Amino acid sequence: MYVVKSPLADADLKIVAEALQGALMDLVDLALTGKQIHWNIVGPRFRSIHLQLDEVVASARAHSDTVAERASALGVPPDGRATTVASGSGIKTAPAGWIKDTDAVSAMVDALGSVITRMRERVTATEAPDPVSQDLLIAITADLEKHHWMFQAENA
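Residues numbered from 1 in each chain as written. Predicted model: local features only at pLDDT ≥ 70, side-chain atom pairs only at ≥ 80, totals over all residues. Heavy atoms only, no water.

**Quick word on the overall build of the protein**
Broken down by element type, the protein carries five helices and two strands. The helix and strand sequence of the protein, counted from the amino end, reads α-β-α-α-β-α-α. The C-alpha atoms of the protein give a radius of gyration of 16 Å, which matches the 15 Å a tight globule of 156 residues would have. The buried share among the 156 residues of the protein stands at 48%. Considering only contacts in the protein between residues 6 or more positions apart, those separated by 24 or more positions represent 83%. Summing over all exposed atoms, the protein offers an accessible surface of approximately 8,000 Å²; the carbon and sulfur share of this is 59%. Averaging the locations of the 14 positively and 20 negatively charged side chains of the protein gives two centres separated by 4 Å. (Helix = DSSP H or I, 4+ residues; strand = E, 2+ residues; numbered from the N terminus. Rg over C-alpha atoms; globule rule 2.2 N^0.38 Å. Buried < 20%, exposed > 50% of the residue type's maximum accessible area, 1.4 Å probe, protein only. Contact = heavy atoms within 4.5 Å. Areas by Shrake-Rupley, 256 points an atom, 1.4 Å probe, with all protein chains shown as cover. Lys, Arg positive; Asp, Glu negative; His and termini not counted. Charge placed at Lys NZ, Arg CZ, Asp CG, Glu CD.)

**Observations concerning the UniProt feature "domain: Ferritin/DPS" (unreviewed entry) in the protein**
Summarizing the sequence annotation, UniProt attributes the feature "domain: Ferritin/DPS" (unreviewed entry) to residues 18-153 in the numbering used throughout. End C-alpha to end C-alpha, residues 18-153 measures 33 Å, and it is 79% helix and 3% strand. (UniProt positions renumbered as here; feature names shortened; annotations may be inferred.)

**Some thoughts on the pattern of salt bridges**
Any two side chains of opposite charge can pair, so long as their charged atoms come close to each other. According to the stated counting rule, one finds eleven salt bridges in the structure shown. Connected through shared salt-bridge partners, Arg45, Lys100, Asp101 and Glu154 make up one network. (Salt bridge = Lys/Arg side-chain N within 4 Å of Asp/Glu carboxyl O.)

**Considering the nonpolar core**
In this structure, Leu30, Val67, Met108, Leu112, Leu137, Leu144 and Phe151 are the most contacted members of the largest nonpolar core, which totals 44 residues. Elements represented by at least two residues in this core include exactly helix H1 (10-40), helix H2 (46-73), helix H4 (101-126) and helix H5 (131-154). The biggest single contributor to this core is H1, with 13 residues. Each residue touching Leu144, except ones within four places of it in the same chain, is listed here: Leu27, Leu30, Leu112, Val115, Ile116 and Met119. (Core = buried A, V, L, I, M, F, W, Y, C linked by side-chain atoms within 4.5 Å.)

**Regarding the packing of H2 against H4**
Any two packed helices are characterised by how steeply their axes cross, that is the angle between the axes, and by the distance between the axes. The geometry of H2 relative to H4 is characterised by a closest axis approach of 10 Å and an angle of 20° between their N-to-C directions. By the angle class used here, H2 and H4 are roughly parallel. For the crossing formed where H2 meets H4, the hand is left-handed. Of the residues in H4, those in contact with Phe46, Ile49, Leu53 and Val56 of H2 are Asp101, Val105, Met108 and Leu112. Looking at the contact of H2 with H4 residue by residue, the class counts come to seven nonpolar, no polar and one charged. (Axes fitted to C-alpha atoms, helices over the stretch in contact; angles between N-to-C directions. Parallel < 35°, antiparallel > 145°, perpendicular 65-115°, else oblique. Left-handed = near helix turned anticlockwise from the far one by under 90°. Nonpolar A, V, L, I, M, F, W, Y, C, P; charged D, E, K, R; others polar.)

**A short note on the environment of Val67**
Among the secondary structure elements, Val67 is positioned in helix H2. A relative accessible area of 0% places Val67 in the buried class.

**Some words on the environment of Ile49**
Looking at the element boundaries, Ile49 is found in helix H2. Assessed through its relative accessible area of 0%, Ile49 is described here as buried. Sequence-distant contacts of Ile49, defined by excluding residues within four places in its chain, comprise Ile41, Asp101, Val105, Phe151 and Glu154.

Quick look at the structure:
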């Protein structure tokens, strides 16, 4: 059933829908991963990294909302349910229990790197079918790359 009809051709909409749904799953999982690490980080750099993790979580949550609303605007119902996110995210499972500050930084570098790699693939995939969605994905990728750089610098 179409509640909202997209102006995109069906073949283009399929590509864009997959890109937006994949981005949504990765962003929701990035927010969850960031919070899991945020709650369990220990070590001498606890406070600064704890606060830095909140910045990533806030970005990921804001971006996930933007992506979900773009999908809805195109007539594609976004799916951010836990089971969907768990089965479709490209992020490794966050470590359980206490996590040393240096390990927390490494885990975030890995998580951000995974999401960025997949986002760049989505940027390429959406170029022809929907430059509007591509532009949104480019902006999100740029923001994630900034966070990625800052976390990499933490353990340099």
